[in-house]
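The residues making up each chain are set out below.
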Amino acid sequence: MKYLNPVVRGFYPDPSICAANGKYYMVCSSMHIFPGVPLFESTDMVNWKQIGHCLTRASQIDLCNIRSSGGVFAPTIRYNNGRFYMVTTNDSYHQNFYVYTDDIYGEWSEPVIVDQDGIDPSLYFEDDKCYFISNGNDTDGRGCIQMCQIDIETGKKLSESKFLWHGTGGRFLEAPHIYKFGEYYYLLEAEGGTEYGHMVNYSRSKNIWGPYTPYPNNPVLTNRNLGGYQIQAAGHGDILEDNDGNWWFAHLAFRQIHMWQTYHHLGREVCLVPVKWRDDGWFEIGVNGTTPIEVGLPDNIKFTPQKFSYDKTFENLDEKLDWCYIRIPHMENYKFDKNGLELKGTDVTIDDVASPTFAGIRQTEFDLDINCDVIPGAEKSGISFYMDEKHHYEVVVEKNESETFVYSRQTIGCIWQESKHHKINADKVTLHIKSEAMQYHFFFKDENGNDVFISDAETRYLSSEVAGGFTGTIIGLFAVNEKGDGVSRFEKLSVKHEA
């Protein structure tokens, strides 16, 4: 039996995993998107189902007016004495905190602040003690991994932050996790930037405070030398032993759009590779130290074959799990029902560093066929492919007092363009988008149900290589009222992928 990577597809970066009560749980970064920190559950480590979010209230995370790709960085999930903890950073405020719950399907606590700098925090529990690990800088300003002991009830530091390891010398030392396997403490981290040079390294010590000895064959995992291979940036991740004694490493990577086109726009995704122990107490990760698309499964795993084909509709999308928003939404402008969605536009647009009326789902595959009926009431409404406020494409239905038009708008940095405006003589417009790895194709349906071409747009201009940042494309329904007032209704949504 084999499985395919990524195992969780689309904008779900920085995975962290833990085991509890016979199941496995995972969290991922969410940046400036709300709700924060998607939460997943699995019984076999390959198939993951989203069950919630850790940050569901404005009181837990301040996303007001923060830059794109700011906000919630690199969470870690841990389970100890019947309680789940999720620790993360609000990078826009340089603040590390954790929340907790005794019910993984319920709400999480208000934040508990920890006074240690750096990002990518992690927790390690041992003998009624809790250690807080993050990256940071030593007294000479050199990047390092640092740790302190904390009171898990209050977040108060019980020791000074102490330097542990400088890593192997790669740039952007990040993603530290400490584990104890046998007689050694293992300090795992990532370097090289969460890009094409990303890599995983580790060291070990018999004392949790060090000194730590590097693994002789670092990097233990990287795809940086696999030029042209679809999966790139294998790095930042977390180790877990499953209930059958198999060891795994869940980590981020991304899929580039073409062998000779080094761009990615779906975001950093979750890949899974095995961990193999050596007789000398060191371990190896991946297949020959790399992450392939296809990976063989151990014989002792009860595995349900992965399903990649889907058709996402208003009827089967979950309002609380699947839909997301740009920063903290004003929910009075959204009305979901079983047949559609009504959006009340405001004067906040997708170009603004604010919260427009925008309900989105993550784009998880290159090849999609998207249809949606728009009944315009707002001045402008339609479908957006959103990377950030400076990089997004829209199919717009614009309505004034006497006329309705359909056109596309493409925003790339400080440049934008609009296609020809097509006049519509109907109360409803069906928008149709065909998505491929390298291009989007925008259409609307005429009165006979035939496609009318609007424009094409290249996906690479929504990529992290062009836009910067750490997110991925979100397919959003939006409404704008720059001067007046109005509500647009969306019906018969279909986001279809055939594997």
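For the structure, check the block above.
Source: prediction; values computed, not measured.

**Q** What is the right way to look at the packing of aromatic side chains in this model?
**A** The geometry of two aromatic rings is summed up by the distance between their centres and the angle between their planes. Tallying each qualifying case throughout the model produces 35 aromatic pairs. Aromatic pair Tyr 124 and Tyr 185: ring centres 6.2 Å apart, planes at 85°, arrangement edge-to-face. Of this pair, Tyr 124 sits in strand β11 (residues 122–126) while Tyr 185 sits in strand β16 (residues 184–191), and the two are 61 residues apart along the sequence. The class of Tyr 124 is buried, set by a relative accessible area of 10%. Consider the rings of Phe 181 and Trp 277, whose centres lie 5.5 Å apart with planes at 85°: the pair is edge-to-face. You can see Phe 181 sitting in strand β15 (residues 174–181) and its partner Trp 277 sitting in strand β22 (residues 269–277), a full 96 residues away along the chain. Overall, Phe 181 belongs to the buried group, its relative accessible area being 17%.

**Q** Would you explain unusual backbone geometry in this entry?
**A** In most cases, non-glycine residues show a negative phi, while peptide bonds are predominantly trans. Geometrically, the link from Phe 34 to Pro 35 is a cis peptide bond, its omega value of 0° lying close to zero. Mapped onto the elements of the fold, Pro 35 is located in the loop between β4 (33–34) and β5 (36–42). Within the chain, Asn 21 stands out as a residue other than glycine whose phi angle is a positive 55°. Of note, Asn 21 is situated in the loop between β2 (16–20) and β3 (23–27). With a phi angle near 75°, Met 45 is a residue other than glycine that sits in the positive phi range. Structurally, Met 45 is set in the loop between β5 and β6 (49–55). Among the residues examined, Met 45 registers a relative accessible area of 0% and is labelled buried.

**Q** Would you mind showing me how to read the sheet that holds strand β8 (residues 83–90) here?
**A** Within the open sheet, the four strands sit side by side as β7-β8-β9-β10. Their pairing is antiparallel. The two strands at the open ends of the sheet, each matched to only one other strand, are β7 (72–80) and β10 (112–114). Within the sheet, the average angular offset between the axes of one strand and its neighbour, ignoring direction, is 25°. Pairing of β8 with strand β9 (residues 95–101) involves seven bridges; the strand directions are antiparallel. When the sheet's bridge partners are listed, Thr 88 is paired in β9 with Phe 97.

Thresholds applied
- Residues numbered from 1 in each chain as written.
- Predicted model: local features only at pLDDT ≥ 70, side-chain atom pairs only at ≥ 80, totals over all residues.
- Heavy atoms only, no water.
- Phe/Tyr/Trp six-rings, centres within 6.5 Å; stacked < 30°, edge-to-face > 60°.
- Helix = DSSP H or I, 4+ residues; strand = E, 2+ residues; numbered from the N terminus.
- Buried < 20%, exposed > 50% of the residue type's maximum accessible area, 1.4 Å probe, protein only.
- Pairing = 2+ DSSP bridges.
- Axes fitted to C-alpha atoms, helices over the stretch in contact; angles between N-to-C directions.

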